[in-house]
Structure formats: structure tokens, C-alpha cells
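# Summary of the model geometry
Here is what each chain is made of, one letter per residue.
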Amino acid sequence: MLLQSPLRPAPELALHGPVRLAGRVLPDERPTQLLVLLACRGGVLPRHEAAAQLWPALDEAARLRNLRKTLHRLRQQHGDAPLAAEPSRLQLLAATDVAAIEAALREGRAAEALGRLHGPLAEGLCADEAAPPWLQAARDQALARWRRVLLAALPTLDAARAEAELERLRALDPLDEPLLRAHLERLAAAGRREAWLRERRLHEQRLQAAQGTRCTALPADPGPAPDDRRAPPAAATPGFIGRDDELERLQPLLARPGLRLQLRGPGGVGKTRLAAELARQAARFGLALVWWPLAEADSTAAALGRLAAELGADLGPPGAEIAALAAALRRRPTLVVADNAEHLLEAPDREPASAAASGFTAALQALASAAPEVRWLITSRQAAALDGVHDVAVGGLDLPDPADPPGAVLRSAAVRLLVARASALQPGFEARPQAAGLGRLARALAGHPLALELVAAQLRSTPAATLAAEAEAGDAPAALEALLAAAWRTLPPPLQAALVRVAVLPASLSRAALLAGGGLRPERLQAIVLRSWLEPEPASDGAAAPHPTTDDGTAAGRPDAAPTRWRLHPLLRAWLRRHHAADAATAAAAQQAAAAAVMAELQSLLAPGGTDRPGALDRLEIELPMLRLALDLAVARADAEALAALVRALAALFELRGRRNEGLALLADVAARLAAAPAGRRGAVRAPLQSARALLCYRAGHHEAALLLARGLARAAPRERATAARTVGLVHWGRGELPAARRAFERAHALAVEHGCDDLVPEAINNLALVDHMAGREAEAERGYRRVAQLAQARGSVRLQALALLNLGSLLHPAGRGRAAREALQAALALLDAHGLHSLVPHVLANLAGALLEIGDAEAVAALRALLPRLQAALPAGEAALRVALRQAEALLHARHGDPLEAWAPLQAGWRDAVALGLQPLQLGLVLGAVQAWAAAGQRARALAWLAWQQQQPAQWDADRREGARLWSLLRPSEAEAAAARQAAAALSLADLGQALEEAAGPAG
């Protein structure tokens, strides 16, 4: 059987970089060394051998005694999750990044494997002592594996990442000649002869110092790059870093005659540098370049005079200026860059930016009309009121993710700028030891180039982490403060008052929350946006680059795509809070108004059952900071109605997104704060809060705490009692206590029906059907799942409808009803795809593969071949159980409908994943695949022996037991064959299967 029920994923033991278990860094202690030793030795090791490796200087009795103590400490720290301790051997249960890297490399996914290499093997382990021989050998193997991965991935990487990855690995092993050869070949192909010579000389110096020899067999000197169009483009403007996406998108616009492009953003964000880099490309489009600096122009007349000087034109008599300049511009195709025009431009809402602005926008418009072939590029802090202008908001540089390894942090544009400036001020500046702090600092400054450059000078005397902490507290550099103060003084008082209110709200705001919290009218909101104090929130796909927009804020080419969310730039927000902080009354009013607006927007999602609506979880996730603020306000007022709605919605969000511990921490904080409220108010909100905590405790694996909380709701309102009964049932169901689970689910159903809790009825029926499913009552389970699907469809609950259809499919295909299962699963897949609910898709695809195998005709086999690549692509990280299902489907496809010898490779890969998970039912399921492969390959006796052994195993799923019986009847062994098979089965064990798979794969290889 491919998939029976959702499985809790095994924790991952990550060895590259600091050793981490389930994301948590482990200390440099013996328990950690034991886990690493097991991982490096294939996951299984006899006790005496493990003890000998960890304590080689002790006698055997002392070694084993120390091992027992270490195992006890390991259980205290991590429970039973990491390993299983058997009387004679130890088995690692955690999946490892090393296994994932090897699997990705075998399957041709080298770039994915490279992304898992976060640093040297077990970085920091045995730091205070010499690394033991087993660890040093493992590190040497890891370096060799890293080199294989990198060399395999190089053809798929862009030039910048390839060079960064080569430098990262060469820093660990500077004398590695295959890596040097690959590096030199990349440099030669790019025509970078000086860099080629530098790297070659440096390697020879290192080699002579280490060995007294010269390196050989390296690429020859590429010679000077040819002076033709095949040579790579010249280096970027000195000091220009990042903005690759913007350049790629904006450069083609230069080919458009009459282009009017504006780069708009706050002071210091890099508008001028981006414009200069675009201007470098003018010659490629046959354009002359005119740079028109306006920072010092204090009037329209002065600005036009400066343009005449750049063009070498005579302005002529008064009134003829535009005609004279247009005539000069029409001489040849030209790109004019009007830089720093904000103080001259008239805002689109017709409020002049300054006294000098009068007439400048009209003059610019007249010039553009009189010289229609000219391309105009304008940089400004506010939008220009030009007809047909493409307005591009320029934001900060690309930032590293908080979870990025040091190499990725140092490759991000914002950190590269920091490091470049710090290195220029302090030759020999070491960035890698401070990578985490540099990433924090870049994020705290929102990638703002001017702020990054100003703060880089302080890296000479202050660690990056210290500067990051200061920046996170809002300490912008003094020079940027002056820029912000000057921009603030240009704002009318109503806009200043609105920004003071907005600064007390979360960073990302919907339009409704922004208008309500800021006390803004729509026209004032637009005025603030055009002055770059507010910016559109990036799209949900995470694209950092802004889209070109028209002067009314609508995306160019997308008239229906006006921004729906806005953010106050973090630096501006921090500056406002320091220098123009709202008083308590103003802040409270702004927060209350914004929270009320958001709750009104989300009213349908905060109602009972609302989180099952299409798109509900995504919307709640977007509004999470605002909902947290609303929750704080509701707690402060002990608002029972608002608290019940918010707790219910947030608990569902954290449960369904798999963030149970985060949800538990939030609800525990709410409970602690409510404890200080008056008894009457506290009692009104206690039950919804306790009910939500109970369900989250169950989902997080805290079963006893879940039971305790649920049983404390015996006198609560009917809804809370029904939810508590369901939680109790889930605990019993998870323990396999089916009678107790059924009684609890029946009580939940009865309470929901009796008291009109319609949204809880389908959940209760689904839970009862799961009990019937596990108990083998297939007809009852099928009726239950179909009823849930009907009720969920009627209520518009896409998630629950798809879940019921998934459960129905997983019931039907092992029972020999492949076509009915296929119909249900395809319906579930269509629902999930249509509504963007991706978390269940891999489970649906895995069961659909089983249904197609069950059908087995030519059309189903062709559909399965087309399905497997999608299942492979859909598998999320850490879904080892689904990966086993994929391998089993591949193996059965080969065994039943192809070359049986090709079944062994996926069976072996699935076996390794199943062993890493430590789940016997998954391993036993693979026996069925091996049996069919042996039978198809003519090894009938071996197939019958393993099938006889499989039928005796109590740990397998019921569906697998039924499938084994079906295979036995298909093979039709004679009495003599059956007796021989049972005799041979007596000598087999699960541990032998891996060896048997390797032996079977030998001929295929």
C-alpha cells in the first residue's frame, strides 16, 4: 500500500554545518557525537563498535558503561525520536541531510544537493580536542562528496553563483586541483584573464609552500579577450552591486522611442546608480547619452540652462527655450537622464513640491512632445505628472533569508555591498566569521544602499551583530537622519499626522487598515505614496523587484492590478517612532481603528468554519501581524466575542500550517494575561481558549496535556464540549485505542448536531469514518467519507471536501477498486489545484499512483508514467514517507509493465528512506514490490519465500496483508512450493531485505 494515513515526519539530522536535529543546533557533547557516528556509518552500528569508536582508550566494560550513560542523556534531551537502542545494536531513526544529498546526486538533482551543503561536516564538533579518526575520515569523505556535487552542478549555475560556490569550497581545501581547474576554466570562458592569472599564481605559491612542487595539468593561459562583440561586457559601474533583475527588465525599454521612465524611491536607495547603469547600455541601442543633473538647480530656468550646457545648445531669446532644446535633441536618437528631479517636479495631485517647481513639469512635458524620439529617464523621490510615464519604485537591495547558510548570506546583494564598502575601508576585512551578523544588519536596514554604505564604516570598530542590534532598535545613521528630516519638512501637516499614526501599526497593511488606522482619505494616501513614504507590498510570490506602474499606482499593462497592500519603509518607520512618536491616545486610536477594519474585512473567515473557505489560510497568514495586534487589544479589553473569533481562527491557522508550537506559545501567553482579568470576563473567554489549546497540544504530540485540557471543559458551552470530545477521540485514535476513539467522536457528533454547530458535524463524521477505516469496516468508512464530501461541498469547505475524497481514494484502491479510487482522487486533485491548496497534493498524487497501478490497463499505465514526474516535483522537503511511496510506485511500474531489472534501483532508494524513518510498515510494504519484481524476473522460489515471510508479520498495514494474500493466490504455488517457501521464510528477517535488494540489483547493474 502506498499511503494509508498522514504520518508524522521523522526529525532530520543535519550534519553539514553545525549539527542540527529538527533545526535545533546540538551541543558539542557525547550524545551528539554518537548521533553523528551512526549517521556516518549508515545508520546502524553494533553497540560494542560504537563504544569502541567513542572511547578507544577504555576497556570494553567501561566503554559500554559510558555508552549506556550517553544513551540515557540522549533520551533525556530528545526522547525516543533520534535512535532506537536494541540489545546488540543501535539504529538511527532520524533522516539525514547526507542521505538526501546522496539521493539527489544519484538522481541528477545536483543543484538541489548543493543547496543542502551548508558548511563542513559537523562544524564545531570536537572543537576542544583533536577530531577522532572516524570523524576525520567522515569529514574527508564529505569534502569529496561536496566536490562531486559541485562539479556536477556547475553547468546549471549562473556565473556569479558558480564562482561563489567554487570559492566557498576552495576555502576549505585550497590545494584541490580539480576545483582549481574548474575555477580557471570558468574564468577563461568569461575572458577574465587577470583573475585567471591571479588564481593560478596563488595556487602555485600555496603548493610550493606545502610540497615544494609546481602544479600541472591546469588549463593554459587564455590570453587577452578578443576585442569584438563576443567578449563579455565591461564591468559594471564602479561600486554598482545587485539590481540584476531590475536591469534585465528595464534595459529592453530603452529600445522604445518616446520612453518616459521614472525611477522613484526614497533618498539614498540607489536610483542614481541604477540610472547610471542603465545609461551605460545606451550605446547598445544606438543612443547618445545626455546626463542632466538637477540637484543644484533651484528653478526651472536654471534646470533648462543646465540641459542647454549639456547639449551644447543656445537657448535663444526668452520664450524660445523649449524649441531650441528640442531642436538640439532631435539631431540624433538620445537618452536623457534627468537626475534628482524631486524638488522641481509638480506632484500628480497638483501640489507643488517646492516654490521652484512651478513650470518645470510643463517644460518637461513640452520637451518630450517636441522631441518624440528621445528616451527620458527621471530619478526622483516623488512621481512626475507626465503623460504616459512608467513609474518604477526602487527599493532596497536583495536580502538574505534568516535561515540562509553563511555562503548564501554573503552572496546576497545587500551583504555584498556591506562587505565591499567595509573591505575598501579596512583591507583584509573578514566577512565569513560575521556572516550571520552581516545578514541581520542588512535586514535591519532593509537593504537600503545609503544606510548600508554609511554603517559599513562602523564595521572597522564594531562587530556586525552589535550594529544589527542597534539598527533593529531603530538607530539609523546620522547622515540618513538628515535626509529623512529634509523630506519630512516637505510634507503638508495632514500627511505628517497620518504617517505618525501609521508608524504605530504593523509594517504590512491592507488598504482598509491603512485608511482607517492612518485617518486617511484615498487622495491623501496617494499623495503619501507618490512621495515614497509608503510603498506597495511585494507580490505574494516573493518577487523583490517592483513592477512598473502608471501615475495612478496601477501596474503598467495590468489595469486591474492596483496594489492592495502597503508598507511604511522600515527605516522611515523607525525614524518616525524616534522623532515624531504618537502619544498614547493617538496610538491607541490608530491601532483600534486599524484592527476593527481588518476584523470587518475578515468577518467571514473569523466565523465558525470560516478557515475552511478557499484562500482563507493565505489571507489569515498575510494579516497575521494585524491579527496579533487585534488579539492584544481584545485581551486588554477582555472582549469575549472578539477573543473567541480570533483564538478560533489563529488556532486553525497554526494547526493547519503545521506551526503548532508557535500557536501554543501564543495561546499560553493569552491565557497568562487573562488570568489578571476580572473573574467574570475571564470566564467568558476561558473555554474557547482552552479548547483551542487542547487541539494544538494533540497536534504537537503533547497527548497527556491535550487530555487534561479537554477534560477540563465538561461544563463549557456545547461548541467547546464538542471540540474537546473530538480532541479526546483523536488522542485515542493516535494510540490505536479505537473503541475509546469511537465513543469520543460519537459524543462530538451528537453535541454538534444537537446544538447546531454545523461546521463541526462533517469533521466528526470524518473522524468516525477514519475509525471504521482503521478497523477494517470498509463499507461504513466509505459511506462516511462520501457523506463528509457532500456536506463539505454544501458548506463551501474545499479543504475538508478534498480531504474526504483523499481518504476515500486511499480506502478504495487497496481494496481492488482502482477506478472508483481514481475518480475520487482526481476530483480531490482538481479541487486542490483550483484553489491553490498545495499541502495535500503530494498525498493525493501518491494514492492516485496506487489507483493507477491497481487498474493496470494500458491507459492507466500511460497515465502513471505521466504522473510520476509530477509526484516527484510535488514532494516537499522532509516527506520521506511519500518518497517511499514514489519509489514503490516506480518499482511496481517496472515490475508489472516494463523491465523487472529496472525495479531494483527505486526499491533500494525506497528501502534506505524507510530505514531512515524507522517505520516497519513502510519497510514491509516494500517487500511486496520486491516480491513482484522477483516473480516477474523468474525468481519464483525467492518471491514465494519472501511473500510467505511477509504474511507472518504483525506490524504491516491491513491493506498490505490483503495485497500479500492476493499475490499468493495469483502465484498459485503447489503444495511442495508452499512448504518450501514457508521453510525458507523461517530463516528470513527484515534486516536481510536490504542485503537481498543489493544482491538482486547486482545483475541489473
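Conventions used here
- Note on numbering: residues in each chain are counted from 1, in written sequence order.
- Local features in a predicted model are, by the rule used here, given only for residues with pLDDT of at least 70; side-chain atom pairs are given and counted only at 80 or more, and totals for whole chains, interfaces and linings are based on all residues.
- In computing side-chain values, all of the structure's heavy atoms are included and hydrogens and water are not.
- Secondary structure elements are defined from DSSP: runs of H or I of at least 4 residues count as helices, runs of E of at least 2 residues count as strands, and each element is numbered from the N terminus.
- Throughout this description, buried means an accessible area under 20% of the type-specific maximum (1.4 Å probe, protein chains only), exposed means over 50%, and partly exposed covers the range between.
- The contact criterion used is simple: two residues touch if any of their non-hydrogen atoms lie within 4.5 Å.
- Each axis is a line fitted through C-alpha atoms, taken for helices only over the stretch in contact, and angles between the N-to-C directions span 0 to 180 degrees.
- Between 65 and 115 degrees an angle is taken as roughly perpendicular, under 35 as roughly parallel, over 145 as roughly antiparallel, and anywhere else as oblique.
- By definition here, a salt bridge exists when the distance from a side-chain nitrogen of Lys or Arg to a carboxyl oxygen of Asp or Glu is within 4 Å.
- Patches here are clusters of residues that have more than 30% relative accessible area and form no salt bridge, with a 9 Å joining cutoff for like charges and a 5 Å cutoff for nonpolar side chains (Val, Leu, Ile, Met, Phe, Trp, Tyr).
- For the accessible areas, the method is Shrake-Rupley and the probe is 1.4 Å, while residue cover comes only from the protein chains on display.
- Neither His nor the chain ends is counted toward charge; the positive residues are Lys and Arg and the negative residues Asp and Glu.
- All charge positions are set by atom: Lys at NZ, Arg at CZ, Asp at CG, Glu at CD.
- Strands qualify as paired when DSSP identifies two bridges or more between them.
- Aromatic pairs are defined between Phe, Tyr and Trp rings, using the six-membered ring for Trp, whenever the two ring centres lie within 6.5 Å; interplanar angles under 30 degrees are classed as stacked, those over 60 as edge-to-face, and all others as tilted.
- Handedness of each helix crossing follows the sense of rotation of the near helix against the far helix: counterclockwise by less than a right angle gives left-handed, clockwise gives right-handed.
- Whenever two N or O atoms come within 3.5 Å, that pair is a polar contact, provided that in protein one can donate a hydrogen and the other can accept it, and provided that, for residues adjacent in sequence, both atoms are side-chain atoms.
- On a range of 0 to 100, pLDDT expresses the predictor's confidence in each residue.

## A short note on the overall build of the protein
Scanning the protein from N- to C-terminus turns up 47 helices and 15 strands. The 1005 residues of the protein split such that 51% are buried. Look at the contacts in the protein between residues 6 or more apart in sequence, and 68% of them connect residues 24 or more apart.

## Here we look at the packing of helix H1 (residues 30–40) against helix H3 (residues 60–78)
H3 packs onto H1 with a crossing angle of 95° between their chain directions and a minimal axis gap of 9 Å. Classed by the angle they form, the pair H1 and H3 counts as roughly perpendicular. In contact with Arg 30, Pro 31, Leu 34 and Leu 35 of H1, H3 contributes Leu 67, Thr 70, Leu 71, Arg 73, Leu 74 and Gln 77.

## Observations regarding unusual backbone geometry
One non-glycine residue, Arg 243, lies in positive phi territory at about 65°. Along the chain, the position of Arg 243 falls in the loop between helix H9 (193–211) and helix H10 (244–250). Exposure remark for Arg 243: the relative accessible area of 5% places this residue in the buried category. For Ala 446, which is not a glycine, the phi torsion comes out positive at approximately 55°. For Ala 446, the position within the fold is in the loop between helix H17 (435–444) and helix H18 (449–456). Ala 446 sits in the buried class, given a relative accessible area of 11%.

## Points about the pattern of salt bridges
By the definition in use, this model includes 19 salt bridges. Across the pair Arg 673 and Asp 669 runs a salt bridge whose closest N-O atoms are separated by 3.7 Å. Taken together, the positions of Arg 673 and Asp 669, both in helix H30 (residues 660–674) and 4 residues apart, correspond to about one turn of that helix. Note on Asp 669: relative accessible area 36%, which makes it partly exposed.

## Structural notes on a negative patch on the surface
Taken together, the side chains of Asp 158, Asp 244, Asp 245, Glu 248 and Asp 398 present a region of like negative charge at the surface. Relative to the helices and strands, Asp 398 is located in the loop between strand S12 (390–393) and helix H15 (406–411).

## Regarding the pairing of strand S10 (residues 334–339)
Among the 6 residues of S10, 6 are classified as buried, and the element is accordingly described as predominantly covered. Residues Thr 334, Val 336 and Ala 338 line one face of S10 and the alternating positions Leu 335, Val 337 and Asp 339 line the opposite face, and both faces are buried. Two strands pair when backbone bridges link them, and strand S9 (residues 288–293) and S10 are joined in this way by 6 bridges, in the parallel orientation. Within S10, the residue paired with Ala 288 across the bridge is Thr 334. Direction of pairing for S10 relative to strand S11 (residues 375–380): parallel, over a ladder of 4 bridges. Counted as the bridge partner of Ala 338 is Ile 378 from S11.

## Overview of the sheet that holds strand S2 (residues 20–21)
With mixed pairing, the 4 strands of this open sheet are ordered in space as S3-S2-S1-S7. Each edge of the open sheet is held by one strand with a lone partner, namely strand S3 (24–25) and strand S7 (95–96). In this structure, S2 lies alongside S3, joined through 2 bridges in antiparallel fashion. Its bridge partner being in S3, Leu 21 is matched across the sheet by Arg 24.

## Overview of the packing of aromatic side chains
The geometry of two aromatic rings is summed up by the distance between their centres and the angle between their planes. Tallied over the entire structure, the rule returns 3 aromatic pairs. With centroids separated by 5.9 Å and ring planes inclined at 45°, the aromatic side chains of Trp 292 and Phe 360 adopt a geometry described as tilted. With Trp 292 in strand S9 and Phe 360 in helix H14 (residues 360–370), the pair connects residues that are 68 residues apart, well separated along the chain. One exposure class covers both Trp 292 and Phe 360, and it is buried. Centroid distance Trp 946 to Trp 949: 5.3 Å. Interplanar angle 75°. Geometry classified as edge-to-face.

## Here we look at the sheet that holds strand S8 (residues 260–264)
Pairing is parallel across the open sheet formed by 5 strands, whose spatial order is S9-S10-S11-S8-S12. With one partner strand each, in any of the chains shown, S9 and S12 form the two edges of the open sheet. Across the sheet, the axes of successive neighbouring strands diverge by a mean angle of 15°, strand direction being ignored. Taken together, the 4 bridges between S8 and S12 define a ladder with parallel strand orientation. From the neighbouring strand, Gln 262 faces S12, where its bridge partner is Asp 391.

## Side note on the pairing of strand S6 (residues 89–92)
Pairing between strand S4 (residues 44–46) and S6: 3 bridges, direction antiparallel. Within S6, the residue paired with Pro 46 across the bridge is Arg 89. As paired strands, strand S5 (residues 83–85) and S6 are joined by 3 bridges and run antiparallel to one another. Bridge pairing in S6 links Ala 85 to Leu 90. Turn length for the S5-S6 hairpin, with the two strands adjacent in sequence and antiparallel, is 3 residues.

## A few points about the packing of helix H13 (residues 321–329) against H14
The interhelical angle for the contact between H13 and H14, taken along N-to-C directions, is 45°, at an axis separation of 9 Å. Regarding the angle of H13 to H14, the classification is oblique. Crossing hand, H13 versus H14: right-handed. Note on element contacts: H14 touches H13 through Ala 363, Ala 366, Leu 367 and Ala 370, opposite Ile 322, Leu 325, Ala 326 and Leu 329.

## As for the side chain of Glu 763
Looking at the element boundaries, Glu 763 is found in helix H35 (residues 761–775). Among all residues touching Glu 763, those that are not within four sequence positions of it are Asp 612, Arg 726, Arg 799 and Leu 800.

## Side note on helix H11 (residues 271–279)
Listed as buried for H11 are Lys 271, Leu 274, Ala 275, Glu 277, Leu 278 and Ala 279. Residues of H11 that are buried sit in contact with H10, S8, S9, S10 and S11.

## Examining the environment of Arg 637
For Arg 637, the position within the fold is in helix H28 (residues 624–637). Within the structure, Arg 637 has its side chain in polar contact with the side chain of Asp 639 (distance 3.0 Å).

## What about the confidence of the model for the protein?
With 80% of its residues at a pLDDT of 70 or more, the protein shows a mean pLDDT of 77. Below a pLDDT of 50 lies the segment residues 1–9, which in the model reaches 27 contacts outside its immediate sequence neighbourhood of four places, other chains included. This stretch, residues 347–357, has a pLDDT under 50; its non-local contacts, to residues over four places away or in other chains, come to 26 contacts.

## A look at the side chain of Asn 767
With respect to the helices, strands and loops of the structure, Asn 767 is situated in helix H35. Apart from the residues within four sequence positions on either side, Asn 767 is in contact with Arg 726, Leu 730 and Phe 745.

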